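Inside the fold
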Amino acid sequence: MENYLIYIGVAIATILLPGPAVMLTISNSIQRGFSKALAGVLGIALAILLVAFVSATSLGIVLASSALAFSAIKIAGAVYLIYLGIKMLLKKVPSETEIKKQETSHIKCFIEGFLVSVSNPKAVIFFMSIFPQFIDLSKEYAPQFFLLATTFSVLVIVIHSIYAVFASFVRTKLSSKKSNSILNKISGGIFVSFGVGLASSSK
C-alpha cells in the first residue's frame, strides 16, 4: 500500500466537496444541535461503509453494468432528496415551546443520514473506479479493501464532525425565527436541486 497516503488525500478531497450529505450535516448542526448532527454523520458513515462493500461484490458490478438497476436506485435516491428539500421548504419555524415538543430523535437523524448516502448509486461507481487504483494484486485483496473502506468511513466521520462543529458556532446567530426560515428555504432549495440533478444525470 505504497499509495495509501495518496488515497487519503483523494478521499479527503472527495468528502470535502459539498453534497447532500454535507448539507444534511450542516443543517442538522444548526437546527438540531451538534449531538444530533453527529448521529446523522454516523448514519452517513455506516452507509458509506455498506456502499463500499457492495462495490466489491457482484452487486456492484450489476449496478455498474445494468442501466435499469442503476436508474432505479438513482431515481429512488433523487425522490428522497427532493422529499427532504420540499419538507424543508414547507417547514414552518416553530416557537420555543413547539420546538421542545417536536424535537427530532437521534435515531431519526441517524436514519436520515444513512438514507441520504445509501440512496446514491454513484457512490458504488466511485468506489469501483477508485479502489483498483490503490490495491496491490500481488498481495491479499481482503485486508487492503477493508483498510480502504474503513479509512474512507472514518474520514467521513472526522470531516463531517468538523463541518458540524463550525456550523454549531454560527447556530446562535441563526437562532432567530427569520434566520431559521431563510435557512430552511436555502437548505430545501439545495436538496431539491441535488435531487433533480441526480435524477437528470447520466451514468
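This text goes with the structure placed above it.
To start, this report covers the structure provided alongside it. What you see as residue numbers is a count from 1 along each chain, following the sequence as written. Totals for whole chains, interfaces and linings use every residue, but because this is a predicted model, local features are given only for residues with pLDDT of at least 70 and side-chain atom pairs only at 80 or more, for both listing and counting. As a convention, hydrogens and water are excluded, and side-chain values are obtained from all of the structure's heavy atoms.

Attention now goes to the packing of helix H1 (residues 4–16) against helix H9 (residues 141–169). Contact geometry for H1 and H9: axes closest at 10 Å, N-to-C directions at 40°. Classed by the angle they form, the pair H1 and H9 counts as oblique. Our pair here, H1 against H9, has a crossing hand that is right-handed. Seen from H1, the contacting residues are Tyr 4, Tyr 7, Ile 8, Ala 11, Ile 12, Thr 14, Ile 15 and Leu 16; seen from H9, they are Leu 147, Leu 148, Ala 149, Thr 151, Phe 152, Leu 155, Val 156, Ile 159, His 160 and Tyr 163. Lines fitted to C-alpha atoms define the axes here, with helix axes fitted over just the stretch in contact, and angles between the N-to-C directions of these axes take values from 0 to 180 degrees. Put simply, DSSP H or I for four residues or longer makes a helix, DSSP E for two residues or longer makes a strand, and each gets a number counted from the N terminus. With respect to orientation, any angle under 35 degrees is reported as roughly parallel, any angle over 145 as roughly antiparallel, any angle of 65 to 115 as roughly perpendicular, and every other angle as oblique. In this scheme the crossing of two helices becomes right-handed for a clockwise turn of the near helix relative to the far one and left-handed for an anticlockwise turn of less than a right angle. Every residue pair with non-hydrogen atoms within 4.5 Å of one another is taken to be in contact.

Further remarks concern the environment of Thr 151. Mapped onto the fold, Thr 151 is located in helix H9. Here's how the labels work: a residue is buried when its accessible area is under 20% of the maximum for its type, exposed when over 50%, partly exposed in between, all with a 1.4 Å probe on protein chains only. Here Thr 151 falls in the buried class, since its relative accessible area comes to 9%. Not counting residues within four places of it along the chain, the set of residues in contact with Thr 151 comprises Tyr 4, Tyr 7 and Ile 8.

With 13 residues, H1 should reach 18 Å at 1.5 Å per residue; the first-to-last C-alpha distance of 18 Å fits that figure. Of the residues making up H1, those classed as buried are Tyr 7, Ala 11 and Ile 15. Relative to the axis of H1, the buried residues are bounded by an arc of 65° and lie together on one face. In this structure, H1 carries Leu 5 and Ile 6 as exposed residues pointing more than 90 degrees from its buried face. The length a helix should cover is 1.5 Å for every residue beyond the first. Note: the arc covers the axis-to-C-beta directions of the helix.

How two aromatic rings sit relative to each other is set out by the distance from centre to centre and by the angle between their planes. Centres within 6.5 Å are what make two rings of Phe, Tyr or Trp a pair, Trp counting through its six-membered ring; a difference in plane orientation under 30 degrees is then read as stacked, over 60 as edge-to-face, and the rest as tilted. One pass over the structure, following the stated rule, counts one aromatic pair. Taking 5.2 Å as the distance between ring centres and 75° as the angle between the ring planes, the aromatic pair formed by Phe 53 and Phe 145 counts as edge-to-face. Of the two residues, Phe 53 is situated in helix H3 (residues 34–55) and Phe 145 in helix H9; the sequence distance between them amounts to 92 residues. For Phe 145, a relative accessible area of 5% corresponds to the buried category.

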